[in-house]
Amino acid sequence: DIDDAGHKYCLELELEDVLDKGRTVLCAAEVLYPLGSTSTAPEVQVTAQGELRSTEEADKEFYNRIRSLEKELVAENIPDSHGNVPPELEPIHLLAWAASGYVIWQNSTENTKFHLAQVQHVKQVKRSDEDLQFDYVLLLHEMVSQEVIPWEVTVLWHPQRGARVSRD
């Protein structure tokens, strides 16, 4: 407890590279949940010891593939009921994972534990600029209450600028 500030947690964790399953990076994090506020995102400070593999090449390949589609991408139920993600949808699933992390961070309290259960629906939206836009309906499983909550989020992504998330 930090007087007049909130509850602070110090964590040590290991991140696994999603593109290189055997590679891990040790991290330390400090998380401060502000006192009396359930509408304020916790403050998070993270330090990593090492780097994960660069995704630059895979990002460019994905970007060019999506930009060259004749019809907008539409998909449902990622992963499927057996936990499978088709290889061509893996980048879409990874973007959903990043977006869910942002939503979870913005909406978590000390008494919640969210987990991305599934991408219920995703639709690419054509844009006039260089960004890719995906409108998602994410199913977040709140582990404490066992509730599954649908979240509508829009992700703008470009390989040089990364992902930007907004909630409708």
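Residues numbered from 1 in each chain as written. Predicted model: local features only at pLDDT ≥ 70, side-chain atom pairs only at ≥ 80, totals over all residues. Heavy atoms only, no water.

## Topic: the environment of Val155
With respect to the helices, strands and loops of the structure, Val155 is situated in strand β7 (residues 147-158). You can call Val155 buried: its relative accessible area is 1%. Considered as a pair, Val155 and Phe134 are 21 residues apart in the sequence and their alpha carbons are 5.2 Å apart. When neighbours within four sequence positions are excluded, Val155 is seen to be in contact with Leu95, Ala99, Leu132, Gln133, Phe134, Tyr136, Ala163, Arg164 and Val165. (Helix = DSSP H or I, 4+ residues; strand = E, 2+ residues; numbered from the N terminus. Buried < 20%, exposed > 50% of the residue type's maximum accessible area, 1.4 Å probe, protein only. Contact = heavy atoms within 4.5 Å.)

## Considerations on the nonpolar core
One finds Phe62, Ile92, Val122, Phe134, Tyr136 and Leu138 to be the most contacted residues of the largest nonpolar core, which totals 27 residues. Looking at this core, the elements that each hand over two or more residues are α1 (56-67), β4 (74-78), α2 (90-107), β5 (114-125), β6 (132-142) and β7. Ranked by residue count, the leading element in this core is α2, at 6 residues. Excluding its chain neighbours within four sequence positions, the residues that come into contact with Leu138 are Ala96, Ala99, Ser100, Leu116, Gln118, Val119, Ile149, Pro150, Trp151 and Val153. (Core = buried A, V, L, I, M, F, W, Y, C linked by side-chain atoms within 4.5 Å.)

## Quick notes on α2
The terminal C-alpha atoms of α2 lie 25 Å apart, and with 18 residues this matches the ideal 26 Å at 1.5 Å per residue to within 8%. The complete set of buried residues in α2 reads Ile92, His93, Leu95, Ala96, Ala99, Ser100, Val103 and Ile104. (Expected span 1.5 Å × (residues − 1).)

## Here we look at the environment of Asp129
Note that Asp129 resides in the loop between β5 and β6. Asp129 gets classed as partly exposed once you look at its relative accessible area, which sits at 32%. Within the structure, Asp129 has its side chain in polar contact with the backbone nitrogen of Asp131 (distance 3.2 Å). (Polar contact = N/O pair within 3.5 Å; in protein donor to acceptor, adjacent residues only side chain to side chain.)

## Looking at a nonpolar patch on the surface
Taken together, the side chains of Tyr9, Leu11, Leu13, Leu15 and Leu52 present a nonpolar region at the surface, about 390 Å² in accessible area. You can see Leu11 is positioned in strand β1 (residues 6-16). (Patch = residues over 30% accessible without salt bridge, like charges linked within 9 Å, V, L, I, M, F, W, Y side chains within 5 Å. Areas by Shrake-Rupley, 256 points an atom, 1.4 Å probe, with all protein chains shown as cover. Salt bridge = Lys/Arg side-chain N within 4 Å of Asp/Glu carboxyl O.)

## A few points about the domain arrangement of the chain
One can read the domain layout of the chain as domain 1 (6-49) and domain 2 (55-167). Its C-alpha centre places domain 1 at a distance of 21 Å from the equivalent point of domain 2. In this complex, domain 1 contributes 9 residues to the contact, which on the side of domain 2 involves 8 residues. Note on domain 1 versus domain 2: buried area summed over both sides is about 790 Å², and carbon and sulfur give 64% of it. (Domains from an automatic or database assignment. Buried area = accessible area lost by both parts, 1.4 Å probe.)

## A short note on the side chain of His141
Secondary-structure assignment places His141 in strand β6. A relative accessible area of 17% places His141 in the buried class. In this view, His141 contacts Lys113, Phe114, His115, Ala117, Gln146, Glu147 and Val148; residues no more than four positions away in its chain are not counted.

## Some details on unusual backbone geometry
Cis geometry marks the peptide bond from Ile78 to Pro79, where omega comes out at -5°. Relative to the elements of secondary structure, Pro79 occurs in the loop between β4 and α2. The backbone of Asn77 shows a phi angle near 55°, a positive value even though the residue is not glycine. If you trace the backbone, Asn77 turns up in strand β4.

## Some details on the side chain of Glu142
Following the sequence through the fold, Glu142 ends up in strand β6. Buried charge Glu142 goes without a salt bridge, the closest partner of opposite sign being Lys113 at 9.0 Å. Among the polar contacts listed, one links the side chain of Glu142 to the backbone nitrogen of Lys113, at a separation of 2.8 Å. (Lys, Arg positive; Asp, Glu negative; His and termini not counted.)

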